[in-house]
Amino acid sequence: MFIQEHQIPGIPVVLRHGVSEPEWNLEYLESKIGSEKFLCRFYGQERQTLDKRKWQTIGSGIAAKCLSFFEYASLVRSGEAHRDDIYLAKCPLATTSLANSPSLQALGPQFNLHKAMTDFNLWAGAGGHVESLHYDTFDGTLIQLSGQKRVVLFPPAQLSNLYPFPLMGHLHHGLKLRSWFSQVYPDKPDFETFPGLEEAFKHRYEVILNPGDVLYLPVGWWHEVSALGEGFVCSANRFWAVFPRRRVLSQWSSWRTYFAFLLSMPFMSLKFAQALMKPNRKEEVEKVIRMF
Ligand SMILES: O=C(O)CCC(=O)C(=O)O
């Protein structure tokens, strides 16, 4: 049923209680990965109040600092992570014991997903954080492991009605600004500035993920993910090769991201060359690599 009704046509679905993991709360994660270092992104609360068209950075362009999970947990406990919207976004778990968990490893076969494009990544932080509306170029599985997240979804065909950042922006901002993100706030729709949103809203879906739930998110589907409540909220995701392949090949959204990478290359090469000339070369080169 999953293959016929979801994988072949590319329709999202939630598998309730799809994994049987212990709760990935702060104490559990400290016991497993306390001294592992992760890149913590400092989003700041002001960001979500700004017109997105004024944003200069998105995703991996956000200011970031490497901290151990112990250090990050203390920012969550002190309330600082919530106050300054400090989030662990797409932190690779490949080298940690968490990635070997049998229930996570069982996910691929469960969903008929056979070719992983990444290992598991951690997405965790304090309630209130919002991962802005965007789409990905692979099929994804998002696994809720502690607290709740709300996911707002729109189908790939709504691309133009969701006003993605312009492709040409990559020439000036490289990958600091990403054209697979939307310029609109689905919770504060501005129908005057973005009239196509009215049509997009006819195709809006929303789902709440509870611990143990797994969302299958096919390539090109727009999603905005909000961590709910006051406490610590944690998920892991993994990206998979799209099957059947024609789903990705027939989508303009996917081709758009390939063009975006090409357009970003002159800027990225310049940044790379500049980083090589700086006295703190290693750090500067790492910053550029992180943007990928
Ligand atoms: O959980 C999050 O904060 C974002 C996850 C996401 O964007 C994804 O799984 O593609």
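Residues numbered from 1 in each chain as written. Predicted model: local features only at pLDDT ≥ 70, side-chain atom pairs only at ≥ 80, totals over all residues.

(A) Summary view of the overall build of the chain. Helices and strands together make up the secondary structure of the chain, namely 11 helices and 12 strands. Relative to the compact-globule value of 19 Å for 292 residues, the chain shows a C-alpha radius of gyration of 19 Å, a close match. On the principal axes, the C-alpha backbone points of the chain span a range of 55 × 45 × 35 Å. For the chain, the residues scored as buried account for 39% of the 292 residues in total. If you take every contact in the chain between residues at least 6 apart in sequence, the share linking residues at least 24 apart comes to 84%. (Helix = DSSP H or I, 4+ residues; strand = E, 2+ residues; numbered from the N terminus. Rg over C-alpha atoms; globule rule 2.2 N^0.38 Å. Buried ≥ 20, exposed ≤ 12 C-beta atoms within 10 Å, placed from the backbone. Contact = placed C-beta atoms within 7 Å.)

(B) Inspection of the nonpolar core at higher detail. Ranked by internal contacts, the top residues of the largest apolar core, which has 69 residues, are Leu 88, Leu 162 and Ala 236. By residue number, the principal contributor to this core is strand 12 (residues 232-240), which donates six residues. If near-sequence neighbours (up to four positions away) are discounted, Leu 162 is found in contact with Leu 133, Phe 154, Ser 182, Val 184, Ala 200 and Trp 222. (Core = buried A, V, L, I, M, F, W, Y, C linked by C-beta atoms within 7 Å.)

(C) Local environment of the site of the ligand. Every residue near the ligand is listed here: Trp 123, Glu 131, Asp 136, Gly 140, Leu 142, Lys 149, His 223, Val 225, Ser 235 and Asn 237. Broken down by secondary-structure element, the contributors of at least two residues to the shell around the ligand are strand 7 (139-146), strand 11 (222-227) and strand 12. Here the shell around the ligand is composed, by residue class, of three nonpolar, four polar and three charged. (Near = placed C-beta within 6 Å. Nonpolar A, V, L, I, M, F, W, Y, C, P; charged D, E, K, R; others polar.)

(D) Fine view of the sheet that holds strand 6 (residues 130-134). In spatial order, the strands read 6-11-8-9; together these four strands make up an open sheet with antiparallel pairing. Looking along the sheet, the strands with just one partner apiece sit at the ends: strand 6 and strand 9 (205-209). Between one strand axis and the next, the sheet turns through 15 degrees on average, direction left out of account. Across three bridges, strand 6 lies against strand 11 in antiparallel orientation. Within the sheet, the bridge partner assigned to Glu 131 lies in strand 11 and is Val 225. (Pairing = 2+ DSSP bridges. Axes fitted to C-alpha atoms, helices over the stretch in contact; angles between N-to-C directions.)

(E) Here's a closer look at the UniProt feature "domain: JmjC" (unreviewed entry) in the chain. In the numbering used here, UniProt assigns the "domain: JmjC" (unreviewed entry) feature to residues 97-257. In residues 97-257, helix accounts for 17% and strand for 30%; the two terminal C-alpha atoms are 33 Å from one another. (UniProt positions renumbered as here; feature names shortened; annotations may be inferred.)

(F) Seen up close, the environment of Thr 96. With respect to the helices and strands, the residue Thr 96 is situated in the loop between strand 4 (86-92) and helix 5 (102-105). Classification of Thr 96 by C-beta neighbours within 10 Å gives partly exposed; the count is 18. With 137 residues separating them along the chain, Thr 96 and Val 233 place their C-alpha atoms 19 Å apart.

(G) Broad picture of unusual backbone geometry. Residue Pro 244 is bonded to the preceding Phe 243 through a cis peptide linkage, with omega at -5 degrees. Topologically, Pro 244 is positioned in the loop between strand 12 and helix 9 (246-249). Unusually for a residue other than glycine, Asp 85 sits at a positive phi of about 50 degrees. Tracing the sequence through the fold places Asp 85 in the loop between helix 4 (80-83) and strand 4. One non-glycine residue with positive phi stands out, namely Tyr 163, at about 50 degrees. Within the secondary structure, Tyr 163 sits in the loop between strand 8 (149-154) and helix 7 (169-173).

(H) Summary view of the packing of helix 10 (residues 252-277) against helix 11 (residues 281-290). For the pair helix 10 and helix 11, the least separation of the axes is 8 Å and the interaxial angle reads 165 degrees. The pairing of helix 10 with helix 11 is recorded here as roughly antiparallel in orientation. The element helix 10 and its partner helix 11 pack so that their crossing is left-handed. In contact with Met 268, Lys 271, Phe 272, Ala 275 and Leu 276 of helix 10, helix 11 contributes Arg 281, Glu 284, Val 285, Lys 287 and Val 288. (Parallel < 35°, antiparallel > 145°, perpendicular 65-115°, else oblique. Left-handed = near helix turned anticlockwise from the far one by under 90°.)

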